[in-house]
Amino acid sequence: MKIDLNEIGNFDVCKFDDRFWNHILKNINELNNTIFNEDELSKVLKYKVKINFSFFRNIDNEPNAFVEKTNDTEYNIVLGKKLIILLMQNAYKLVDNYYIYSDLNRKQIDLMHNISQISFYVWIDFICLHELSHICRSHFKDNGKYFKFNKEVDEIHNNIFYEMDADRFAMIMATRVFSALISGIKMLTNKSDKEIIKNYLISMTYLFDLFFLIEGENKSSDHPSPLQRISFVLTAFCESIKNKNLFQVEFVELDNLANSVYEEFVLKHSEEYEPNNNYCEFAKESQVILEQYNEFLKETKLNENQLFK
Ligand SMILES: [Zn+2]
(Lines give C-alpha, C1' and ligand atoms only; values in the text may rest on other atoms or scores of the structure.)
Protein backbone atom coordinates (compact mmCIF):
# COMPACT_ATOMS: atom_id res chain seq x y z
CA MET A 1 0.00 0.00 0.00
CA LYS A 2 3.01 2.30 0.38
CA ILE A 3 2.78 5.39 -1.80
CA ASP A 4 5.65 5.82 -4.22
CA LEU A 5 6.56 9.50 -4.21
CA ASN A 6 7.90 9.33 -7.75
CA GLU A 7 4.40 8.38 -8.86
CA ILE A 8 2.96 11.66 -7.67
CA GLY A 9 4.37 13.53 -10.68
CA ASN A 10 2.42 11.16 -12.93
CA PHE A 11 -0.95 11.77 -11.33
CA ASP A 12 -3.52 12.97 -13.82
CA VAL A 13 -4.14 16.20 -11.96
CA CYS A 14 -0.50 17.23 -12.52
CA LYS A 15 -1.16 17.33 -16.19
CA PHE A 16 -3.72 20.11 -15.86
CA ASP A 17 -2.63 23.43 -17.21
CA ASP A 18 -1.75 26.63 -15.40
CA ARG A 19 -5.37 27.77 -15.42
CA PHE A 20 -6.36 24.76 -13.34
CA TRP A 21 -3.54 25.39 -10.91
CA ASN A 22 -4.20 29.08 -10.64
CA HIS A 23 -7.82 28.28 -9.87
CA ILE A 24 -6.88 25.95 -7.01
CA LEU A 25 -4.31 28.37 -5.65
CA LYS A 26 -6.80 31.22 -5.86
CA ASN A 27 -9.34 29.16 -3.89
CA ILE A 28 -6.79 28.28 -1.24
CA ASN A 29 -5.79 31.93 -0.97
CA GLU A 30 -9.41 33.01 -0.63
CA LEU A 31 -10.01 30.37 2.00
CA ASN A 32 -6.95 31.46 3.92
CA ASN A 33 -7.98 35.08 3.65
CA THR A 34 -11.26 34.34 5.39
CA ILE A 35 -9.64 32.33 8.18
CA PHE A 36 -6.34 34.13 8.59
CA ASN A 37 -7.21 37.73 7.85
CA GLU A 38 -6.02 40.40 10.27
CA ASP A 39 -9.46 41.08 11.75
CA GLU A 40 -10.15 37.44 12.48
CA LEU A 41 -6.69 36.89 13.92
CA SER A 42 -6.88 39.97 16.12
CA LYS A 43 -10.04 38.51 17.70
CA VAL A 44 -8.21 35.41 18.88
CA LEU A 45 -4.60 36.57 19.31
CA LYS A 46 -2.96 38.63 22.02
CA TYR A 47 -0.91 40.66 19.57
CA LYS A 48 -0.69 41.18 15.87
CA VAL A 49 1.14 38.72 13.66
CA LYS A 50 1.44 38.82 9.93
CA ILE A 51 1.14 35.53 8.06
CA ASN A 52 2.15 35.21 4.43
CA PHE A 53 1.06 32.25 2.36
CA SER A 54 2.92 30.97 -0.62
CA PHE A 55 3.26 27.88 -2.77
CA PHE A 56 6.18 25.79 -3.84
CA ARG A 57 5.51 25.03 -7.47
CA ASN A 58 8.42 22.74 -8.03
CA ILE A 59 7.11 19.20 -8.43
CA ASP A 60 10.39 17.69 -7.27
CA ASN A 61 9.97 18.74 -3.69
CA GLU A 62 8.57 16.25 -1.19
CA PRO A 63 4.82 16.42 -0.46
CA ASN A 64 5.00 18.84 2.38
CA ALA A 65 4.16 22.16 3.95
CA PHE A 66 6.13 24.23 6.41
CA VAL A 67 6.08 27.32 8.52
CA GLU A 68 9.04 29.63 9.05
CA LYS A 69 9.63 32.64 11.20
CA THR A 70 10.79 35.83 9.53
CA ASN A 71 10.77 37.88 12.72
CA ASP A 72 8.79 37.96 15.96
CA THR A 73 5.61 39.16 14.31
CA GLU A 74 5.91 37.77 10.80
CA TYR A 75 5.75 34.20 9.52
CA ASN A 76 5.55 32.39 6.20
CA ILE A 77 3.42 29.32 5.63
CA VAL A 78 4.39 27.45 2.49
CA LEU A 79 2.37 24.69 0.81
CA GLY A 80 4.18 22.42 -1.61
CA LYS A 81 2.66 21.69 -5.00
CA LYS A 82 3.37 18.02 -4.53
CA LEU A 83 1.39 18.03 -1.30
CA ILE A 84 -1.52 19.74 -3.02
CA ILE A 85 -1.47 17.16 -5.83
CA LEU A 86 -1.33 14.32 -3.34
CA LEU A 87 -4.31 15.70 -1.44
CA MET A 88 -6.31 16.42 -4.58
CA GLN A 89 -5.71 12.91 -5.89
CA ASN A 90 -6.68 11.35 -2.59
CA ALA A 91 -9.76 13.51 -2.16
CA TYR A 92 -11.04 11.77 -5.31
CA LYS A 93 -9.92 8.38 -4.02
CA LEU A 94 -11.86 8.96 -0.83
CA VAL A 95 -15.01 9.16 -2.94
CA ASP A 96 -14.07 6.60 -5.62
CA ASN A 97 -13.30 3.98 -2.99
CA TYR A 98 -16.59 4.58 -1.15
CA TYR A 99 -14.81 5.64 2.05
CA ILE A 100 -17.20 8.54 2.58
CA TYR A 101 -20.89 8.96 1.75
CA SER A 102 -20.81 5.36 0.58
CA ASP A 103 -24.57 5.20 0.04
CA LEU A 104 -24.68 8.09 -2.44
CA ASN A 105 -24.85 7.23 -6.10
CA ARG A 106 -21.39 7.57 -7.69
CA LYS A 107 -22.96 8.37 -11.02
CA GLN A 108 -23.87 11.83 -9.77
CA ILE A 109 -20.60 13.21 -11.08
CA ASP A 110 -21.03 16.84 -9.98
CA LEU A 111 -22.07 15.84 -6.48
CA MET A 112 -19.13 13.43 -6.16
CA HIS A 113 -16.75 16.12 -7.39
CA ASN A 114 -18.13 18.58 -4.84
CA ILE A 115 -17.86 16.06 -2.01
CA SER A 116 -14.23 15.31 -2.85
CA GLN A 117 -13.47 19.04 -3.06
CA ILE A 118 -14.94 19.59 0.40
CA SER A 119 -12.51 17.01 1.81
CA PHE A 120 -9.64 18.53 -0.13
CA TYR A 121 -10.23 22.04 1.26
CA VAL A 122 -10.88 20.73 4.77
CA TRP A 123 -7.47 19.01 4.62
CA ILE A 124 -5.83 22.17 3.34
CA ASP A 125 -7.49 24.07 6.23
CA PHE A 126 -6.24 21.54 8.70
CA ILE A 127 -2.67 21.72 7.42
CA CYS A 128 -2.64 25.53 7.38
CA LEU A 129 -4.15 25.57 10.87
CA HIS A 130 -1.54 23.07 12.01
CA GLU A 131 1.15 25.51 10.88
CA LEU A 132 -0.73 28.40 12.48
CA SER A 133 -0.78 26.42 15.73
CA HIS A 134 3.02 26.21 15.68
CA ILE A 135 3.04 30.01 15.55
CA CYS A 136 0.26 30.71 18.03
CA ARG A 137 1.18 28.07 20.58
CA SER A 138 4.64 29.63 20.86
CA HIS A 139 6.44 26.60 19.50
CA PHE A 140 9.05 28.88 17.98
CA LYS A 141 10.19 30.10 21.36
CA ASP A 142 12.69 27.28 21.88
CA ASN A 143 12.79 25.87 18.40
CA GLY A 144 14.56 28.15 15.99
CA LYS A 145 12.81 29.16 12.85
CA TYR A 146 11.22 26.24 11.08
CA PHE A 147 8.56 23.52 11.34
CA LYS A 148 7.73 21.02 8.65
CA PHE A 149 4.29 19.46 8.46
CA ASN A 150 5.03 15.89 7.53
CA LYS A 151 8.18 15.27 9.41
CA GLU A 152 9.51 12.00 10.65
CA VAL A 153 9.98 12.49 14.33
CA ASP A 154 13.65 13.08 14.98
CA GLU A 155 15.88 12.62 17.99
CA ILE A 156 14.70 15.77 19.71
CA HIS A 157 12.25 14.10 21.99
CA ASN A 158 10.02 17.10 22.50
CA ASN A 159 9.29 17.40 18.82
CA ILE A 160 6.55 14.80 18.97
CA PHE A 161 4.78 16.83 21.61
CA TYR A 162 5.00 20.00 19.54
CA GLU A 163 3.44 18.04 16.67
CA MET A 164 0.72 16.61 18.91
CA ASP A 165 0.03 20.09 20.23
CA ALA A 166 -0.20 21.52 16.70
CA ASP A 167 -2.52 18.68 15.63
CA ARG A 168 -4.68 19.26 18.67
CA PHE A 169 -5.19 22.98 18.11
CA ALA A 170 -5.50 22.55 14.36
CA MET A 171 -8.33 20.05 14.88
CA ILE A 172 -10.07 22.34 17.35
CA MET A 173 -9.97 25.22 14.85
CA ALA A 174 -10.65 23.08 11.77
CA THR A 175 -13.79 21.71 13.44
CA ARG A 176 -14.95 25.27 14.09
CA VAL A 177 -14.38 26.14 10.43
CA PHE A 178 -16.13 22.93 9.36
CA SER A 179 -19.18 23.70 11.50
CA ALA A 180 -19.79 26.77 9.32
CA LEU A 181 -19.92 24.58 6.21
CA ILE A 182 -22.45 22.11 7.48
CA SER A 183 -25.64 23.76 6.22
CA GLY A 184 -24.16 24.00 2.71
CA ILE A 185 -23.12 20.32 2.79
CA LYS A 186 -26.60 19.43 4.01
CA MET A 187 -28.19 21.10 1.00
CA LEU A 188 -25.75 19.34 -1.27
CA THR A 189 -25.99 15.81 0.13
CA ASN A 190 -29.39 15.76 1.85
CA LYS A 191 -27.77 14.06 4.83
CA SER A 192 -28.28 14.60 8.55
CA ASP A 193 -25.80 16.67 10.60
CA LYS A 194 -24.64 13.51 12.31
CA GLU A 195 -23.84 11.75 9.06
CA ILE A 196 -22.02 14.79 7.70
CA ILE A 197 -19.90 15.04 10.85
CA LYS A 198 -19.14 11.33 10.69
CA ASN A 199 -17.89 11.66 7.13
CA TYR A 200 -15.78 14.66 8.16
CA LEU A 201 -14.12 12.55 10.87
CA ILE A 202 -13.54 9.67 8.47
CA SER A 203 -11.85 12.00 6.00
CA MET A 204 -9.61 13.35 8.78
CA THR A 205 -8.50 9.85 9.80
CA TYR A 206 -7.77 9.18 6.13
CA LEU A 207 -5.46 12.23 6.02
CA PHE A 208 -3.30 10.79 8.78
CA ASP A 209 -3.34 7.36 7.22
CA LEU A 210 -2.13 8.95 4.00
CA PHE A 211 0.92 10.47 5.63
CA PHE A 212 1.94 7.18 7.06
CA LEU A 213 1.54 5.52 3.70
CA ILE A 214 4.16 7.97 2.47
CA GLU A 215 6.47 7.31 5.37
CA GLY A 216 6.45 3.59 4.88
CA GLU A 217 4.75 0.39 5.76
CA ASN A 218 6.05 -0.01 9.24
CA LYS A 219 3.40 2.06 10.87
CA SER A 220 3.81 0.67 14.36
CA SER A 221 7.40 1.82 14.85
CA ASP A 222 6.70 5.55 15.18
CA HIS A 223 5.95 7.17 18.52
CA PRO A 224 3.32 8.30 18.79
CA SER A 225 2.13 5.77 16.27
CA PRO A 226 -0.24 6.94 13.54
CA LEU A 227 -3.04 5.25 15.38
CA GLN A 228 -2.22 7.22 18.49
CA ARG A 229 -2.06 10.46 16.51
CA ILE A 230 -5.47 9.69 15.03
CA SER A 231 -6.88 9.00 18.46
CA PHE A 232 -5.46 12.32 19.75
CA VAL A 233 -6.99 14.19 16.84
CA LEU A 234 -10.38 12.61 17.51
CA THR A 235 -9.98 13.55 21.17
CA ALA A 236 -9.28 17.13 20.06
CA PHE A 237 -12.51 16.99 18.06
CA CYS A 238 -14.36 16.15 21.29
CA GLU A 239 -12.51 18.95 23.04
CA SER A 240 -13.60 21.39 20.36
CA ILE A 241 -17.30 20.59 20.74
CA LYS A 242 -17.46 20.32 24.52
CA ASN A 243 -19.58 23.12 25.99
CA LYS A 244 -19.94 24.73 22.58
CA ASN A 245 -22.91 24.67 20.32
CA LEU A 246 -21.03 24.16 17.11
CA PHE A 247 -23.39 21.47 15.88
CA GLN A 248 -27.04 20.70 16.43
CA VAL A 249 -26.21 17.30 17.86
CA GLU A 250 -25.77 16.42 21.54
CA PHE A 251 -22.20 16.15 22.82
CA VAL A 252 -22.69 12.55 23.98
CA GLU A 253 -23.80 11.54 20.50
CA LEU A 254 -20.78 13.22 18.90
CA ASP A 255 -18.46 11.65 21.43
CA ASN A 256 -19.89 8.23 20.52
CA LEU A 257 -19.54 9.09 16.86
CA ALA A 258 -15.83 9.89 17.28
CA ASN A 259 -15.36 6.58 19.11
CA SER A 260 -17.15 4.61 16.42
CA VAL A 261 -15.05 6.25 13.66
CA TYR A 262 -11.93 5.32 15.59
CA GLU A 263 -13.09 1.74 16.13
CA GLU A 264 -13.96 1.32 12.48
CA PHE A 265 -10.56 2.67 11.52
CA VAL A 266 -8.84 0.25 13.87
CA LEU A 267 -10.83 -2.67 12.50
CA LYS A 268 -9.99 -1.75 8.94
CA HIS A 269 -6.30 -1.11 9.50
CA SER A 270 -5.47 -3.23 12.52
CA GLU A 271 -2.95 -5.40 10.72
CA GLU A 272 -1.04 -2.51 9.21
CA TYR A 273 -0.93 -0.49 12.39
CA GLU A 274 -0.76 -3.03 15.17
CA PRO A 275 0.57 -6.27 13.78
CA ASN A 276 0.66 -7.84 17.22
CA ASN A 277 -2.92 -6.91 17.98
CA ASN A 278 -1.81 -6.07 21.44
CA TYR A 279 -4.37 -3.45 22.31
CA CYS A 280 -3.85 -3.64 26.02
CA GLU A 281 -0.22 -2.64 25.54
CA PHE A 282 -1.31 -0.02 23.01
CA ALA A 283 -3.82 1.56 25.38
CA LYS A 284 -1.24 1.64 28.17
CA GLU A 285 1.29 3.28 25.88
CA SER A 286 -1.26 5.88 24.73
CA GLN A 287 -1.96 6.74 28.34
CA VAL A 288 1.77 7.20 28.98
CA ILE A 289 2.17 9.47 25.96
CA LEU A 290 -0.80 11.55 27.08
CA GLU A 291 0.71 11.93 30.54
CA GLN A 292 4.05 12.90 29.01
CA TYR A 293 2.27 15.46 26.85
CA ASN A 294 0.63 17.01 29.92
CA GLU A 295 4.01 17.09 31.64
CA PHE A 296 5.48 18.75 28.54
CA LEU A 297 2.75 21.42 28.64
CA LYS A 298 3.72 22.23 32.21
CA GLU A 299 7.44 22.34 31.47
CA THR A 300 7.19 24.50 28.37
CA LYS A 301 4.38 26.66 29.79
CA LEU A 302 2.75 26.64 26.34
CA ASN A 303 -0.63 27.55 27.77
CA GLU A 304 0.82 30.64 29.46
CA ASN A 305 3.07 31.63 26.58
CA GLN A 306 0.64 31.10 23.74
CA LEU A 307 -0.50 33.92 21.50
CA PHE A 308 -4.11 32.78 21.68
CA LYS A 309 -6.11 34.91 24.09
ZN1 LIG B 1 4.03 20.45 12.58
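All values reported here derive from a predicted model rather than from experimental measurement.

Notes on the overall build of the protein
Right, so step 1: Scanning the protein from terminus to terminus reveals 12 helices and four strands.
Right, so step 2: Looking at the protein as a whole, 32% of its 309 residues qualify as buried.
Right, so step 3: Contacts spanning at least 24 positions in sequence make up 74% of the contacts within the protein whose residues lie at least 6 apart.

Remarks on the confidence of the model for the protein
Right, so step 1: Looking at the protein, pLDDT values average 85 and 85% of them are 70 or higher.
Right, so step 2: Looking across the protein, the model is least confident in helix α1 (residues 5–8), with a mean pLDDT of 67, and most confident in helix α7 (residues 182–189), with 97.

A few points about the sheet that holds strand β3 (residues 74–80)
Right, so step 1: Pairing is mixed across the open sheet formed by four strands, whose spatial order is β1-β3-β2-β4. Looking at which strands have only one partner, the edges of the open sheet turn out to be β1 (50–56) and β4 (146–148). Ignoring which end each strand starts from, the neighbouring axes of this sheet average 20° apart.
Right, so step 2: The pairing of strand β2 (residues 65–71) with β3 spans six bridges and is antiparallel. Counterpart to A65 in the pairing with β3 is L79.
Right, so step 3: Set on the sheet, helix α5 (residues 109–136) makes contact with β2, β3 and β4; between it and β2 the angle comes to about 35°.

Some points on the pairing of β3
Right, so step 1: Pairing between β1 and β3: seven bridges, direction parallel. Bridge assignment links F55 to a residue of β3, and that residue is L79.
Right, so step 2: Remark: two residues form the turn of the hairpin made by β2 and β3, two consecutive strands paired antiparallel.

Observations concerning the packing of helix α6 (residues 159–179) against helix α9 (residues 226–241)
Right, so step 1: One way to put it is that α6 packs onto α9 with a least axis distance of 8 Å and a crossing angle of 45°. It follows from the interaxial angle that α6 and α9 lie oblique. Considering only the axes of α6 and α9, their crossing is right-handed. Note on element contacts: α9 touches α6 through R229, F232, V233, A236, F237, E239, S240 and I241, opposite M164, D167, R168, M171, I172, T175 and R176.
Right, so step 2: Looking at the contact of α6 with α9 residue by residue, the classes come out as eight nonpolar, two polar and five charged.

Concerning the environment of R229
Right, so step 1: Along the chain, R229 turns up in helix α9.
Right, so step 2: Considered as a pair, R229 and T205 are 24 residues apart in the sequence and their alpha carbons are 9.3 Å apart.

Digging into the nonpolar core
Right, so step 1: One finds L87, A170, A174, L201, V233 and F237 to be the most contacted residues of the largest nonpolar core, which totals 65 residues.
Right, so step 2: Listing elements by their share of this core, those giving two or more residues are β2, β3, α4 (81–96), α5, α6, α8 (193–215), α9 and α10 (251–273).
Right, so step 3: Per element, the largest residue contribution to this core is 13 residues, and it comes from α5.
Right, so step 4: Setting aside residues no more than four positions away along its own chain, V233 makes contact with D167, M171, M204 and F208.

Here we look at the environment of S102
Right, so step 1: Tracing the backbone shows S102 in the loop between α4 and α5.
Right, so step 2: Separated by 97 residues in sequence, S102 and N199 have C-alpha atoms that sit 9.5 Å apart.

Notes on the pairing of β2
Two faces make up the sheet, and in a regular strand the side chains alternate between them.
Right, so step 1: Pairing between β2 and β4: three bridges, direction antiparallel. Along β4, the bridge assignment pairs F66 with K148.

Side note on the packing of α5 against α6
Right, so step 1: Following both chains from N to C, one finds α5 and α6 inclined at 135°, their axes separated by 8 Å at the closest point. On the basis of the axis angle, α5 is oblique to α6. Here the hand of the crossing between α5 and α6 comes out right-handed. Here V122, D125, F126, L129, H130, S133 and H134 of α5 lie close against α6, whose contacting residues are D165, A166, D167, F169, A170, M173, A174, V177 and F178.
Right, so step 2: A breakdown of the residues in the contact of α5 with α6 according to their chemical character gives 10 nonpolar, three polar and three charged.

A word on unusual backbone geometry
Right, so step 1: Of note in the backbone geometry, Y98 takes a positive phi value of approximately 60° without being a glycine.
Right, so step 2: Relative to the elements of secondary structure, Y98 occurs in the loop between α4 and α5.
Right, so step 3: If you check the backbone angles, S138 has positive phi at about 60° while not being a glycine.
Right, so step 4: Summarising the element assignment, S138 is placed in the loop between α5 and β4.

The rules behind each value
- Residues numbered from 1 in each chain as written.
- Predicted model: local features only at pLDDT ≥ 70, side-chain atom pairs only at ≥ 80, totals over all residues.
- Helix = DSSP H or I, 4+ residues; strand = E, 2+ residues; numbered from the N terminus.
- Buried ≥ 20, exposed ≤ 12 C-beta atoms within 10 Å, placed from the backbone.
- Contact = placed C-beta atoms within 7 Å.
- pLDDT = per-residue confidence, 0-100.
- Pairing = 2+ DSSP bridges.
- Axes fitted to C-alpha atoms, helices over the stretch in contact; angles between N-to-C directions.
- Parallel < 35°, antiparallel > 145°, perpendicular 65-115°, else oblique.
- Left-handed = near helix turned anticlockwise from the far one by under 90°.
- Nonpolar A, V, L, I, M, F, W, Y, C, P; charged D, E, K, R; others polar.
- Core = buried A, V, L, I, M, F, W, Y, C linked by C-beta atoms within 7 Å.

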